Amino acid sequence: MFETENQDTVPTHQLGLDYAIAQDKNDKLSHYRTQFHIPQTKTGADLIYMTGNSLGLQPKHTKTYVNQELQDWATLGVEGHFEAKNPWLGYHEFLTEAMANVVGAKPIEVVVMNTLTANLHFMMASFYQPTAKRYKILIESDAFPSDKYAVESQLRHHGFDAKEGLIQWAPPKGKELLDSSDLEQLLNIHGDSIALIMLGGVNYYTGQYLDLKRIATLGHKHGCMVGFDCAHGAGNVPLNLHDSGADFAAWCTYKYLNSGPGSLAGCFVHERHAYRKDLNRFAGWWSHNKLTRFNMRDDFDQLPGAEGWQLSNPPILSMAAIKASLDIFAEVGMDKLIHKSRQLTSYFEFLLKNLGEDVIRIITPSTPENRGCQLSIQVKQADKNLHTKLTAAGVISDWREPDVIRCAPVPLYNTFEDVYHLVEKLKTILNS
């Protein structure tokens, strides 16, 4: 498996509620929890919310950010494009620097636009350029379904058989985690026929965080374009997209980035492609030169960088919600978030292992550098009824067939006490 040097000291954890309370008291980020709406039971108690990997919680000031745009729309009408407190014409630019910092990129490499799978298709329009000899696409065998649907449809669109043209990187037999030696072997065998490698940076099911730089280097060595779906990575792990050397990446913002259901997505295009006008792409007026955009009759003049892949003027209300969350990320910083995340998830892992490996199996990598905050748990001889009972006990987690419960203690709003009570409730259910 991909392994990297341990850069974060994992503490020696202790059992008992007092330890969890003490950890929260010493946590310099604990006060950020109060900036989020925490779902509650009918009696008003906070639920234990562990599904930020599916839908992040709402920052309390999101309403203020959205209401500002509603107010400017009400009072200014079309003039809001220029006269709003946050002028709409270039609203996406308010998000660029903060988003670039979240994903480890340069501002010229990042833009917020469209939604995740749409962005993947736009990226493949440019970076999947098959020939009669080099046309195959490599993905992981247990990719998120929409990624598989997207690449299969691209193969069909270009006139290739979707099954024959798809190469799947699978874990070793009997294992859940991907092994880099298998990827190397696939590329040694099929490299000259692979046009594109497109992988999930963090696997949705296992929580495994791949070594993006190593994959990009291997792919480029064999003449492949390389892109990543970072839906489960953005705001969760140090993606370092620029340094990875990947050609492109895309991610949603409604998971760890807390922008609301179905909100806009992010897109990365490496700066080496910033001024390439030879790349095939779809175009629209928002990818046209900003200075002459409203002249209306000029020939297309492509913007440099990731902005040059935009099509339409952006939906401001969605971007306002993204800005509300990114302002928190900018204030905290990814380094501090990742540090807390590793402490919190290692504590979660410690408590689960204390239940006994004859009961609990964690399929997520044990090394902090090879995972984010999510742990994927298999409970022996259990089915979805266990998840149903956890939900009834006030734990909002996530079930994935055939037998995995995904839990993600998110550092912005989850606490050590959350983790403690989750495991205690699980223990009670297992012993009942």
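Calculation criteria
- Residues numbered from 1 in each chain as written.
- Predicted model: local features only at pLDDT ≥ 70, side-chain atom pairs only at ≥ 80, totals over all residues.
- Heavy atoms only, no water.
- Phe/Tyr/Trp six-rings, centres within 6.5 Å; stacked < 30°, edge-to-face > 60°.
- Helix = DSSP H or I, 4+ residues; strand = E, 2+ residues; numbered from the N terminus.
- Buried < 20%, exposed > 50% of the residue type's maximum accessible area, 1.4 Å probe, protein only.
- Arc of directions from axis to C-beta.
- Contact = heavy atoms within 4.5 Å.
- Pairing = 2+ DSSP bridges.
- Axes fitted to C-alpha atoms, helices over the stretch in contact; angles between N-to-C directions.
- Left-handed = near helix turned anticlockwise from the far one by under 90°.
- Nonpolar A, V, L, I, M, F, W, Y, C, P; charged D, E, K, R; others polar.
- pLDDT = per-residue confidence, 0-100.
- Parallel < 35°, antiparallel > 145°, perpendicular 65-115°, else oblique.
- Polar contact = N/O pair within 3.5 Å; in protein donor to acceptor, adjacent residues only side chain to side chain.
- Right-handed = clockwise from strand over helix to strand, strands pointing away.
- Salt bridge = Lys/Arg side-chain N within 4 Å of Asp/Glu carboxyl O.

**Regarding the packing of aromatic side chains**
To describe a pair of aromatic rings, one takes the distance between the centres and the angle between the planes. With the rule as written, the count across this model stands at 14 aromatic pairs. Here Tyr 135 and Phe 160 contribute two aromatic rings whose centre-to-centre distance is 4.5 Å and whose plane-to-plane angle is 5°, an arrangement assigned as stacked. Residue Tyr 135 is found in the loop between helix H5 (116-127) and strand S3 (136-140), and its partner Phe 160 is found in the loop between helix H6 (145-157) and strand S4 (166-169); the two are separated by 25 residues along the sequence. Relative to Tyr 204, the ring of Phe 144 has its centre 5.1 Å away and its plane inclined at 85°; by these criteria the two rings are edge-to-face.

**A look at helix H7 (residues 180-190)**
Every α-helix carries 3.6 residues per turn, so stepping three or four residues along brings you back to the same face. Taken together, the buried positions of H7 are Ser 180, Leu 183, Leu 186 and Leu 187. All buried residues of H7 fall inside an arc of 115° around its axis, so they share one side. For H7, the exposed residues set more than 90 degrees away from the buried face come down to Asn 188 and Ile 189. Residues of H7 that are buried sit in contact with S3, S4, strand S5 (194-200) and helix H8 (212-221).

**Some thoughts on the sheet that holds strand S9 (residues 360-362)**
On the basis of which strands lie adjacent, the open sheet formed by 4 strands has the order S9-S10-S13-S12 and antiparallel pairing. Two strands lie at the open edges of the sheet, namely S9 and strand S12 (398-400), each paired on one side alone. Recorded for the sheet is a direction-independent mean angle of 35° between the axes of neighbouring strands. Both S12 and strand S13 (residues 404-407) contribute to a ladder of 3 bridges, which runs antiparallel. Bridged to Arg 400 within S13 is Val 404.

**Points about the environment of Lys 133**
Residue placement: Lys 133 occurs in the loop between H5 and S3. C-alpha separation for the pair Lys 133 and Ser 346, spaced 213 residues apart in sequence, amounts to 47 Å.

**Observations concerning the packing of H5 against H6**
Two elements in contact, H5 and H6, have axes whose closest approach is 10 Å; the angle formed by their N-to-C orientations is 30°. Two packed elements cross with a definite hand, and for H5 against H6 that hand is right-handed. Residues Thr 117, Leu 120, His 121 and Met 124 of H5 touch H6, and the partners they reach there are Ser 146, Asp 147, Ala 150, Val 151, Ser 153 and Gln 154. In the contact of H5 with H6, the residues fall into 4 nonpolar, 5 polar and 1 charged.

**Some points on the sheet that holds strand S7 (residues 248-252)**
Pairing in this open sheet of 7 strands is mixed, and the strands run S2-S8-S7-S6-S5-S3-S4 from one edge to the other. At either margin of the open sheet sits one strand with a lone partner, and together these are strand S2 (110-113) and S4. Taken pair by pair, the neighbouring strands of this sheet meet at an average axis angle of 20°, ignoring direction. Here strand S6 (residues 225-229) pairs with S7 via 3 bridges, running parallel. Note that in S7 the partner of Asp 229 across the bridge is Ala 250. Running over the sheet, helix H4 (residues 93-103) touches S2 and S7 and is turned about 110° from S2.

**Some words on the confidence of the model for the protein**
Put simply, the protein has an average pLDDT of 95, and 97% of its residues get 70 or more. Note on residues 1-7: pLDDT under 50 across the span, and 21 contacts to partners over four residues away in sequence or across chains.

**Things to note about the packing of H4 against helix H10 (residues 316-332)**
When two helices pack together, their arrangement is captured by the angle between the axes and the distance separating the axes. Interhelical geometry of H4 versus H10 gives an angle of 50° and a closest axis separation of 10 Å. Our classification of the angle between H4 and H10 gives oblique. For the crossing formed where H4 meets H10, the hand is left-handed. Across from Phe 94, Leu 95, Ala 98, Met 99 and Val 102 in H4, the residues of H10 making contact are Met 319, Ile 322, Lys 323, Leu 326 and Phe 329. Here the residues of the contact of H4 with H10 are counted per class, giving 9 nonpolar, no polar and 1 charged.

**Let's talk about the side chain of Ser 346**
Tracing the chain through its elements places Ser 346 in helix H11 (residues 334-354). At 2.8 Å, the side chain of Ser 346 forms a polar contact with the side chain of His 13.

**With respect to H4**
Of the positions making up H4, those classed as buried are Leu 95, Thr 96, Ala 98, Met 99, Ala 100, Val 102 and Val 103. As for H4, its buried residues are in contact with S2, helix H9 (241-244), S7, H10 and H11.

**Looking at the pairing of S5**
Taking burial as the measure, the 7 residues of S5 include 7 buried ones, the bulk of the element. Summarising the sheet, S3 and S5 pair through 3 bridges and their orientation is parallel. From the neighbouring strand, Leu 138 faces S5, where its bridge partner is Ile 197. The β-α-β motif built from S5, the intervening H8 and the parallel element S6 has right-handed crossover chirality.

**Side note on the pattern of salt bridges**
By the definition in use, this model includes 20 salt bridges. Salt-bridge contacts for Asp 27 lead to Lys 340; the nearest nitrogen and oxygen are separated by 2.7 Å. In this pair, Asp 27 sits in the loop between helix H1 (17-26) and strand S1 (48-49) while Lys 340 sits in helix H11, placing the two residues 313 residues apart along the sequence. Under the relative-accessibility criterion, Asp 27 is labelled buried at 12%. Taking the relative accessible area as the measure of exposure, Lys 340 reaches 6% and is therefore buried. Among the salt bridges present, the one from Arg 33 reaches Asp 46, with a minimum N-O distance of 3.3 Å.

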